[in-house]
Amino acid sequence: MLFPKKVKHRKWQRGRGRTRTSPATKRVAVSFGDYGLKALEGAWVTSRQIEAARRAITRSIKRGGKVWIRVFPDRPVTFHGNENTMGGGKGAVDHYVVVVRPGMVLFEMGGVAEDIAREAFRLAGHKLSVKTQFLKA
């Protein structure tokens, strides 16, 4: 799974909800490969979901072609646990997420036929917590 080697701040604040709903301005075009998988809505995508989607893509294309992961989960999410009393500080870091905005390209692929890429991205889209769309460069 993906997570940062070193972070400046171990625990982050959650932030406001508008960052997820406003359209993306970066990573909006297919840059590296021939096909891409674009998010149509905003959400937090965990490192587990990214890894599950990557495995689905790799298995579907039978390790042919090349896959680029355009997102990296660098945002820590903390979890305090159930049946704990109030107080005692903020919980420990549980997992890492990436803030995905509408229009952001999550994965790219090159070196395979279009029908194989479309099927691979369809399978990968089921592993993610956002609605996705297939793109051609």
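Details of the structure are given in the entry above.
Everything quoted here is computed from the prediction, not taken from an experiment.

Trainee: So what exactly am I meant to see when it comes to helix 2 (residues 47–60) here?
Mentor: It helps to recall that an α-helix has 3.6 residues per turn; residues three or four apart then point in one direction. Taking 1.5 Å of rise per residue, the 14 residues of helix 2 would be expected to cover 20 Å, and the 20 Å separating its terminal C-alpha atoms lies within 8% of that figure. Contact partners of the buried residues in helix 2: strand 2 (43–46), strand 3 (66–69), strand 5 (92–100), strand 6 (105–110) and helix 3 (114–127). At the exit of helix 2 stands Lys-62, carrying a positive phi of roughly 55°.

Trainee: Help me out: how do you make sense of the packing of aromatic side chains in this one?
Mentor: The relative placement of two aromatic rings is captured by the distance of their centres and the angle of their planes. Throughout the structure, instances matching the rule amount to three aromatic pairs. Measuring from centroid to centroid gives 6.0 Å for Phe-121 and Phe-134, while their planes differ by 50°, and the two rings are tilted. With Phe-121 in helix 3 and Phe-134 in strand 7 (residues 132–136), this pair connects stretches of sequence that are 13 residues apart. We note that Phe-121, like Phe-134, is buried. An aromatic cluster is built from Tyr-35, Phe-121 and Phe-134, whose rings are joined through pairwise contacts.

Rules used in this analysis
Residues numbered from 1 in each chain as written. Predicted model: local features only at pLDDT ≥ 70, side-chain atom pairs only at ≥ 80, totals over all residues. Heavy atoms only, no water. Helix = DSSP H or I, 4+ residues; strand = E, 2+ residues; numbered from the N terminus. Expected span 1.5 Å × (residues − 1). Contact = heavy atoms within 4.5 Å. Phe/Tyr/Trp six-rings, centres within 6.5 Å; stacked < 30°, edge-to-face > 60°. Buried < 20%, exposed > 50% of the residue type's maximum accessible area, 1.4 Å probe, protein only.

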